[in-house]
Amino acid sequence: MKHTAPRGYTSVAPWVVTDDTGALLDFITAAFDGEELARVPVEDGTIGHGEIRVGDTVVLAFDRRPDWPVMPSLLRIYVPDADAAMAAAVAAGAEVITGLSDSAWGDRGGRVRDPFGNIWWVVSRVEEVDPETSWRRMSEPPYAESMRSAQETLDAALSGRTAGISSAPVRPAD
């Protein structure tokens, strides 16, 4: 597929709609070293368009109108150091949803909910793992527990239940 996006933009761009886009841009700057590109206020005092670069991606945002539904986003961010980025996100006002752990496929990460209701997967690639090894590892206790915890904490956060639901991965037939 030919890259058709303007220079500096990716083919798919996430949009985040929030009640305080200015504060969201400030949060992303503080938590994930974002570089604000645009903050466009409109006549009614809201932000009609915002852009912030995080790594190689531009996240777009604007303020929600009062009669629009609340639409939290689910976002994954790869960072050099998941532990440091999670700490920075918490210091900037985020709440931990899923504690840091190592995955069977070579990532280390956890999840936070930002002050606006968006959930961020904060992840670092710590090792390259081939698919066969990943599948084998998923049955090993530390990795199985990491997967169970990730599923249950996300389910609880999204459903509002005190305890989440999880289900073990099933390897597809060859």
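What counts as what
- Residues numbered from 1 in each chain as written.
- Predicted model: local features only at pLDDT ≥ 70, side-chain atom pairs only at ≥ 80, totals over all residues.
- Heavy atoms only, no water.
- Salt bridge = Lys/Arg side-chain N within 4 Å of Asp/Glu carboxyl O.
- Helix = DSSP H or I, 4+ residues; strand = E, 2+ residues; numbered from the N terminus.
- Buried < 20%, exposed > 50% of the residue type's maximum accessible area, 1.4 Å probe, protein only.
- Polar contact = N/O pair within 3.5 Å; in protein donor to acceptor, adjacent residues only side chain to side chain.

*Asks:* Tell me about the pattern of salt bridges, and name the residues and values.
*Replies:* The full count for this structure, using the stated rule, is 15 salt bridges. A salt bridge links R171 to E132, with the nearest nitrogen and oxygen atoms 2.8 Å apart. Placement of R171 in the segment after α4 (141-159) and of E132 in helix α3 (residues 131-137) is noted, with a sequence separation of 39 residues between them. Overall, the relative accessible area of 38% leaves R171 in the partly exposed class.

*Asks:* Could you give an account of the environment of N118, with specific residues and numbers?
*Replies:* With respect to the helices and strands, the residue N118 is situated in the loop between β7 (107-113) and β8 (119-125). In this structure, the C-alpha to C-alpha distance between N118 and P72, residues 46 residues apart in sequence, is 4.7 Å. A polar side-chain atom of N118 sits 2.8 Å from the main-chain amide nitrogen of S73.

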